Amino acid sequence: NSFVHYRLAILHFTNKNYENAIKFINKSLKKNPDKKEFNILKADILFNKADYRKALHLLSNINVEKNSYLFLQKELLLSNIYLNISEFRKAETILLKIKSFFKNEKIIFLNLSNLYFQIKNLKKGILILQEGLNLYPSFLPFKFNLAVMYRNSGDIKLAIDTHLEI
């Protein structure tokens, strides 16, 4: 049964046993090659094995309806791939696009702040985290990232004040 193999692939993937995960997801795909969830999981496994080009190629062939959870999952994975291959502009474009569809997803704000931190655009990072904190004022990862951004931008007082809020 392809769903049993899919669940086994998830189990192995969760345990970071990517070789077994790929084996089981391939069995699932053999029975249901067009199943989008299966293909996205395979791309995620490939990503975690640092096989970015294969993951990117696989994702480029998956069409999912915008505003769906699968679309969010696929686009987040795409942005992570682009981030890992240093195509920062593409990663940013994808994250900003999905932010327009999923305005309240915390992971998008975190991923954008991590991207801006990585490319040393601390002003944008601070702004995106402040936007996230307006939606989720008690979400600690936003506050922690914001304190780090303040520290790295040289604003030690704001960094300390933000850390004290945590």
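Residues numbered from 1 in each chain as written. Predicted model: local features only at pLDDT ≥ 70, side-chain atom pairs only at ≥ 80, totals over all residues. Heavy atoms only, no water.

Examining the packing of helix H2 (residues 18–31) against helix H3 (residues 36–48)
Now for step 1: At a closest axis distance of 10 Å, the pairing of H2 and H3 adopts a crossing angle of 160 degrees. Taken together, H2 and H3 sit at an angle that is classed as roughly antiparallel. Handedness of the H2/H3 crossing: left-handed. On the side of H2, the interface is formed by Tyr18, Ala21, Ile22, Ile25, Asn26, Ser28 and Leu29, while H3 contributes Phe38, Asn39, Leu41, Lys42, Ile45, Leu46 and Asn48. (Axes fitted to C-alpha atoms, helices over the stretch in contact; angles between N-to-C directions. Helix = DSSP H or I, 4+ residues; strand = E, 2+ residues; numbered from the N terminus. Parallel < 35°, antiparallel > 145°, perpendicular 65-115°, else oblique. Left-handed = near helix turned anticlockwise from the far one by under 90°. Contact = heavy atoms within 4.5 Å.)

Comments concerning the environment of His12
Now for step 1: Take His12: it is sitting in helix H1 (residues 2–14).
Now for step 2: Distance from His12 to Phe24, taken between C-alpha atoms, is 8.7 Å for residues 12 residues apart in sequence.
Now for step 3: Other than its neighbours up to four places away in sequence, His12 contacts Asn17, Asn20, Ala21 and Phe24.

Points about the layout of surface pockets
Now for step 1: Taken as a whole, the largest pocket holds about 190 Å³ of empty space.
Now for step 2: Around the largest pocket, the lining residues are Asp44, Phe47, Tyr69, Leu72, Gln73, Leu76, Leu77, Asn80, Glu105, Ile107 and Asn111.
Now for step 3: Put simply, the parts of the chain that give the lining of the largest pocket at least two residues each are H3, helix H5 (69–84) and helix H7 (106–118).
Now for step 4: In terms of residue count, H5 provides more of the lining of the largest pocket than any other element does, 6 residues in total.
Now for step 5: Residue classes in the lining of the largest pocket are distributed as 6 nonpolar, 3 polar and 2 charged. (1 Å grid on protein atoms, 1.4 Å probe; cavity = no way out; pocket = protein on both sides within 12 Å on 5 of 7 lines; lining within 4 Å. Points joined across faces, edges and corners; volume = space filled by probe spheres on them. Nonpolar A, V, L, I, M, F, W, Y, C, P; charged D, E, K, R; others polar.)

Digging into the nonpolar core
Now for step 1: Ranked by size, the top nonpolar core spans 53 residues in total, and within it Ile25, Ile45, Leu59, Ile81 and Ile98 carry the most contacts.
Now for step 2: Of the residues forming this core, the biggest block, 9 residues, is contributed by H5.
Now for step 3: If we ignore the near neighbours within four places in the chain, the residues touching Ile45 are Phe13, Tyr18, Ala21, Ile22 and Ile25. (Core = buried A, V, L, I, M, F, W, Y, C linked by side-chain atoms within 4.5 Å. Buried < 20%, exposed > 50% of the residue type's maximum accessible area, 1.4 Å probe, protein only.)

Some remarks on the environment of Ser68
Now for step 1: With respect to the helices, strands and loops of the structure, Ser68 is situated in the loop between helix H4 (52–60) and H5.
Now for step 2: Put simply, Ser68 and Phe101 are 33 residues apart on the chain and 9.3 Å apart in space, counted from C-alpha to C-alpha.
Now for step 3: At 2.6 Å, the side chain of Ser68 forms a polar contact with the backbone oxygen of Glu65. (Polar contact = N/O pair within 3.5 Å; in protein donor to acceptor, adjacent residues only side chain to side chain.)

Regarding H2
Now for step 1: Between its first and last C-alpha atoms H2 spans 20 Å; for 14 residues at 1.5 Å apiece the expected length is 20 Å, and the two agree.
Now for step 2: Within the sequence span of H2, burial applies to Tyr18, Ala21, Ile22, Phe24, Ile25, Ser28 and Leu29.
Now for step 3: Looking at the buried side of H2, the elements it contacts are H1 and H3. (Expected span 1.5 Å × (residues − 1).)

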